[in-house]
Every structure is written in C-alpha cells, then in structure tokens.
Amino acid sequence: MADHAFVTLATNDSYGKGALVLGSSLRKYTSKKLAVLIAPQVSDSMRKVLSKVYDDVRVVDVLDSKDSAHLALLERPELGVTLTKLHCWTLTEYTKCVFMDADTMVLQNIDDLFEREELSAAPDPGWPDCFNSGVFVFRPSIETYKQLLHKASEEGSFDGGDQGLLNSFFNTWSTKDIHKHLPFMYNLSSISIYTYLPAFKAFGANAKVVHFLGKAKPWNYTYDSKTQTVKGNVHDQTLIHPEFLSLWWNTYTSRILPLLTEHGVVKDASTGLKALSGLVCSLAFSCRFCRDEEEITEAVSQLSIAAAASPPPPSISSEERRERWEQGQVDYMGADSYDNIKKKLDTYLQ
Ligand code: UDP
Ligand code: MN
C-alpha cells in the first residue's frame, strides 16, 4: 500500500551509511515505500546516494524558530537527536509506518508489522518492561507529535533519549495489549547474542531484524589486512559471533560502496582498503543467513572493504577496563598491550 512506509533517521553521514545498508536490506524484501529523515548537516552527496535507495528523503530542520520542535529544543538541548526522531510522526501522508533505527538491518520480509497498531515494539533487552525504540509501529499524527514535544519539554526523558520519552508516553505498553509486544525477533539486539547465548543458538536463525545497539556501530569497525583481524578491542563481545556484522559489511561493500564511490562520498574505494578476512562467519555450516546469502562468501573472498574512512572504534572507560581486568579479560593486543601499559607506567613514574 502506498500509504505505508518504513522510516529511518540519519542526522549525519555516518548514520547515513547505516541508513543505506538498512534501506538496501529492506528493498530486498519489501515493495513498501522507504523514507529517511535527515538533518541539514548531512552532505549533498550523501543525500544523493540516499535518494537512490529511499523513495522519500526528507530534511527535518529543527533550527527554524517557528518550529515547535525548536522551542522544545531550547528547553531541552540534550534531546536534540531524540526530537529529530519524533519528526517521524509528522509524515502524515502515510497512514501507518514502521520506524527503524539506522543501525538495524532486515533479514526477512517484515511487512506483517503493518498489521499491528501504534505503538507496537519489542522488549528492550536491558529492561524488558520497556520497549526498545529501535523498531516500532506508529501512526503519523500532528496531534501525537505535539503531545510528544510537549512531554519532552515539560519532563525531558528519563534516559536522556527517545526511548525514555516514548516509554513514558506510551506507558501502558508493558501491561495493556500483548499484540503490541513484537516478538524479540523483530529487534534482535546484537548484545543479546552473548548475554543469552543458548537462546541465540536455539532461536537466532529466525531473526528478522538485527539491531547493532550500543556504542560500537558496524561502520566504526576497521579491518586490518596485515593481521587479518577486526581492529578494535579483542574482547568486544560483538566479535564472538560476527555473522551479523559480516552481513552488514557484505551489504555495504556489494551494494552501498559502489554508490558512495560514484558520488564521491568515499573518495576512492581502492585506496586505503582493508581486508575483511578476519570476519569469516563462525557459524558458516549452520547459519541460515550464510546459506541464503551466497554473496557473503563472495564478499569475504573479495576482501575489499573501505573501512579506512571510518572513525576508530570507541574506547572503553578506564573503570570498565578495570572491571574486565578483574574478570581476567585483558586486552593484550589493544588497550592493555605491553607498550600501552609501559607508557602509562612511565607517565606515573615521571
Ligand atoms: N541517530 C542519528 N544521529 C545520531 C544518533 C542517532 O541519526 O547522532 C539516529 C539513528 O537513526 C540511530 C537512532 O537515532 O539509529 C538511535 O540512536 P542509536 O542507534 O545510536 O542508539 P542505540 O540503538 O545504540 O541505543
Ligand atoms: Mn539503534
């Protein structure tokens, strides 16, 4: 139906890469309309590429002083990105939409989500009485948009982001109507793979949407062709089962990178390329995605990823690092390498 759309948000070019992979994965499984909200700082070339994948590329400018979001923003400057996300309720030419974070990726057709009502979402893995706002079904409505903005400016958000605000607004989600509980498979957060590994092994193959929730986003990883490993913290739990990450990179290299290169977002795909060889699917024999996706093997064997332009993966706090040390998880190759520790000791001694 023309009045249905999948909607995402990218306030900058990095999240634009995520939106492109998401859009491309959606396009593979659905004929619904695809819409992306972008902030003014998204580059022109990124906008062009987004318009190759998305039917509707919409700039949401919260800087217009007549915009009620702008007023709410003045009261709550910390909610900038959150308020941008709320703009999805203004897409009133659609009767029903599914919002998806730019760090999600679709693995199967999920058009059945449009049979659900506002506000349907999957539980958050950290606090399952709250829904995770990375994937949700909603009905665009200026009235709801205004009410949400009002709540944001009056009360802020208990977690500082959109999820806290939306959970306070749709506060009967956890108790009222089970139909509004989406199965976890519609928003499988990558952290749940290691927090409940047996469940992942039992049910993971049914995943419909994967969500790279948390600080380390797929586009932040770099791959080192010399050591044939994924660069970053060697104890990064995401890398224990890197199959979703490899699927993301597979889509990125095969479908997105050519577009980004053509439009000059990525300067030259052949320079500064790093290899993907460290990222071979560890479940290759049993993983449904790998069986389905012949391309993945192809991409892994091509081993050409332009990850050099991405920023380095986020480092962990010294407190987190101490905790890991105490649990015997020492990053000998990275932050806790002999050289790094020696440098630190030297500064103490001086
Ligand atoms: N987002 C964005 N720019 C930002 C931060 C977030 O466009 O600087 C959008 C993007 O769609 C992203 C969503 O807001 O997926 C929610 O943020 P994020 O996914 O980083 O949060 P998490 O899911 O890790 O809690
Ligand atoms: Mn997210």
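Residues numbered from 1 in each chain as written. Chains lettered and ligands numbered in written order. Predicted model: local features only at pLDDT ≥ 70, side-chain atom pairs only at ≥ 80, totals over all residues. Heavy atoms only, no water.

Counting its regular elements, the protein chain contains 13 helices and eleven strands. Sorting the 350 residues of the protein chain into buried and exposed places 50% on the buried side. Pairs at least 24 residues apart make up 72% of the contacts formed inside the protein chain by residues separated by at least 6 positions. In the structure as shown, the protein chain presents an accessible area of about 16,800 Å², 53% of it carried by carbon and sulfur atoms. (Helix = DSSP H or I, 4+ residues; strand = E, 2+ residues; numbered from the N terminus. Buried < 20%, exposed > 50% of the residue type's maximum accessible area, 1.4 Å probe, protein only. Contact = heavy atoms within 4.5 Å. Areas by Shrake-Rupley, 256 points an atom, 1.4 Å probe, with all protein chains shown as cover.)

This brings us to the site of ligand 1. Around ligand 1 sit 13 residues, and of these Leu9, Thr11, Tyr15, Gly214 and Lys217 come closest. Within the backbone of Leu9, a nitrogen or oxygen atom sits 2.6 Å from an oxygen atom of ligand 1. Between ligand 1 and His211 there is a distance of 3.0 Å, counted from an oxygen atom to a side-chain nitrogen or oxygen. Look at ligand 1: alone it shows 510 Å² of surface, and the protein chains cover 77% of it. (Near = heavy atom within 4 Å. Polar contact = N/O pair within 3.5 Å; in protein donor to acceptor, adjacent residues only side chain to side chain.)

For the rest of this paragraph, the subject is helix H6 (residues 162–169). Of all eight residues that make up H6, six are buried, and the element is covered over most of its length. Where H6 is buried, its residues contact helix H4 (80–86), strand S7 (131–138) and helix H5 (142–155).

On to the sheet that holds S7. Read from one edge of the open sheet, six strands run S3-S2-S1-S4-S7-S6, paired in mixed fashion. On the outer flanks of this sheet lie strand S3 (56–59) and strand S6 (120–123), each paired with one strand and no other. Each strand of the sheet is rotated relative to its neighbour by a mean of 25 degrees, with strand direction disregarded. Where strand S1 (residues 4–10) lies against strand S4 (residues 96–100), four bridges are found, and the strand directions are parallel. If you follow Val7 over to S4, its bridge partner there is Phe99. Each of strand S2 (33–38) and S3 touches helix H2 (residues 44–53); the most contacted strand, S2, lies at about 160 degrees to it. (Pairing = 2+ DSSP bridges. Axes fitted to C-alpha atoms, helices over the stretch in contact; angles between N-to-C directions.)

Here the focus is the packing of aromatic side chains. Under the criterion given, the structure shown has 14 aromatic pairs. The interplanar angle of 20 degrees and the centroid separation of 6.1 Å between the aromatic rings of Trp89 and Phe170 together place this pair among those described as stacked. Linking Trp89 in the loop between H4 and S4 with Phe170 in the loop between H6 and strand S8 (188–189), this pair joins segments that are 81 residues apart in sequence. Of the two residues, Trp89 and Phe170, neither departs from the other in class, the shared state being buried. (Phe/Tyr/Trp six-rings, centres within 6.5 Å; stacked < 30°, edge-to-face > 60°.)

One open sheet accounts for three strands, arranged S5-S9-S8; its pairing is mixed. Because the sheet does not close on itself, it has two edges, and the strands there are strand S5 (104–106) and S8. Sheet topology note: the S8/strand S9 (residues 209–211) ladder contains two bridges and is parallel. What sits directly across from Leu188, in S9, is Val210.

Moving on: the coordination of the manganese ion (ligand 2). Protein coordination at the manganese ion (ligand 2): the donors are Asp101 (OD), Asp103 (OD), Asp103 (OD) and His211 (NE2), at 2.2 to 2.3 Å from the metal. Note that the manganese ion (ligand 2) binds six donor atoms; their angles at the metal cover 57 to 172 degrees, and the shape is irregular. All donors to the manganese ion (ligand 2) come from one chain, and their sequence spacing reads D-x1-D-x107-H. Taking the relative accessible area as the measure of exposure, Asp101 reaches 17% and is therefore buried. Classification of Asp103 as buried rests on a relative accessible area of 3%. (Donors = N, O, S within 2.8 Å, 3.2 Å for Na, K, Ca; no water. Tetrahedral: all angles 85-135°; square planar, octahedral: opposite > 155°, others 65-115°.)

So, about the pattern of salt bridges. Counting across every chain of the model gives ten salt bridges. For the salt bridge of Arg58 with Glu93, the shortest nitrogen-to-oxygen distance reads 2.4 Å. Of the two residues, Arg58 sits in strand S3 while Glu93 sits in the loop between H4 and S4, which places them 35 residues apart along the sequence. Arg58 sits in the partly exposed class, given a relative accessible area of 23%. (Salt bridge = Lys/Arg side-chain N within 4 Å of Asp/Glu carboxyl O.)

Formed by 51 residues in total, the largest nonpolar core has its most connected members in Leu50, Met100, Phe244 and Tyr252. No other element matches helix H9 (residues 243–262), which puts ten residues into this core. Listed in part, the 32 residues of the second largest apolar core include Leu9, Val62, Phe99 and Leu166. (Core = buried A, V, L, I, M, F, W, Y, C linked by side-chain atoms within 4.5 Å.)

For the rest of this paragraph, the subject is the confidence of the model for the protein chain. On average, residues of the protein chain carry a pLDDT of 80, and 71% of them reach 70 or more. Taken as a whole, residues 225–229 scores under 50 in pLDDT and shows seven contacts with residues more than four places along the chain or in a different chain. Note that pLDDT drops below 50 for residues 344–350; the model gives that stretch zero contacts with residues more than four away or on any other chain. (pLDDT = per-residue confidence, 0-100.)

Moving on, we come to the pairing of S1. Most of S1 is tucked away, with seven of its seven residues classed as buried. Residues His4, Phe6, Thr8 and Ala10 of S1 are buried on one face, and the alternating residues Ala5, Val7 and Leu9, pointing to the opposite face, are buried as well. Strand direction decides the pairing type here: S1 and S2, joined by six bridges, are parallel. Bridge assignment links Ala5 to a residue of S2, and that residue is Lys33. Of the crossover connections in this fold, the one passing from S1 over helix H1 (residues 13–29) to the parallel S2 is right-handed. (Right-handed = clockwise from strand over helix to strand, strands pointing away.)

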